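# Descriptive analysis of the structure
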Amino acid sequence: MNQVGIVGRLTKDPAMRVMNEGRIHTSFIVAVSRNYKNQKGEVETDFVLCSTWGRPAHNVSKYCTKGSLVAVTGRLHSRHYDKEDGTRVYVTEVVGDQIRFLDKRKGKEESAHKQPEPESEADFDFQPPGTDGVNV
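Residues numbered from 1 in each chain as written. Predicted model: local features only at pLDDT ≥ 70, side-chain atom pairs only at ≥ 80, totals over all residues. Heavy atoms only, no water.

The chain appears in an unreviewed UniProt entry as Single-stranded DNA-binding protein from Planococcus liqunii. Regarding the chain, the relevant UniProt record gives this comment under Subunit (unreviewed entry): "Homotetramer." (UniProt positions renumbered as here; feature names shortened; annotations may be inferred.)

Rendered as structure tokens:
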């Protein structure tokens, strides 16, 4: 089973890209505090690379900014690429199927006082690259 759930705050504004096929992809980093303190009595934080596709990607880009509190549920995805100098870089990220907005901040383009409800899972047009609509 490959299932992940995290809650934390965005470390910077999300980055949205429109791919060649017209699909929307948004990447962002979520700071997640650990549930315990280290030997110095400090709470440590993990910085988790996240991405999402389709409608959730559009909504994250539109309504979230640096510091927004979000809950991300999805799956782990590992990939690699080669840099120009020939070194191989490995990346593990959470691909979010569902993003919930947990605070009352206004979005970048939102001027109303009420934050919109997150989209239902049935409204997602999420399709991981290379799956051609097949759930894996």
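It is worth spelling out the environment of Thr-87 at this point. Mapping Thr-87 onto the fold places it in the loop between strand S5 (69–82) and strand S6 (88–101). Using a relative accessible area of 36% as the deciding quantity, one classes Thr-87 as partly exposed. A polar contact is formed between the side chain of Thr-87 and the side chain of Asp-85, at a distance of 2.8 Å. (Helix = DSSP H or I, 4+ residues; strand = E, 2+ residues; numbered from the N terminus. Buried < 20%, exposed > 50% of the residue type's maximum accessible area, 1.4 Å probe, protein only. Polar contact = N/O pair within 3.5 Å; in protein donor to acceptor, adjacent residues only side chain to side chain.)

What follows concerns the nonpolar core. Formed by 16 residues in total, the largest nonpolar core has its most connected members in Ile-6, Phe-28, Val-30, Val-70 and Val-72. For this core, the secondary-structure elements that each account for two or more residues are strand S1 (4–10), strand S3 (24–37), strand S4 (43–53), helix H1 (54–63), S5 and S6. If we ignore the near neighbours within four places in the chain, the residues touching Ile-6 are Val-30, Val-32, Val-48, Cys-50, Val-70, Ala-71 and Val-72. (Core = buried A, V, L, I, M, F, W, Y, C linked by side-chain atoms within 4.5 Å. Contact = heavy atoms within 4.5 Å.)

Turning to H1, a few remarks are in order. Along H1, 7 of the 10 residues are buried, which leaves the element largely enclosed by surrounding structure. Residues Gly-54, Pro-56, Ala-57, Asn-59, Val-60, Ser-61 and Tyr-63 constitute the buried set of H1.

Our next topic: the packing of aromatic side chains. Applying the stated criterion across every chain yields a total of 1 aromatic pair. Relative to Phe-101, the ring of Tyr-63 lies with its centre 6.2 Å away and its plane at 55°, an arrangement referred to as tilted. Here Tyr-63 is found in helix H1, whereas its partner Phe-101 is found in strand S6, with 38 residues between them in sequence. One exposure class covers both Tyr-63 and Phe-101, and it is buried. (Phe/Tyr/Trp six-rings, centres within 6.5 Å; stacked < 30°, edge-to-face > 60°.)

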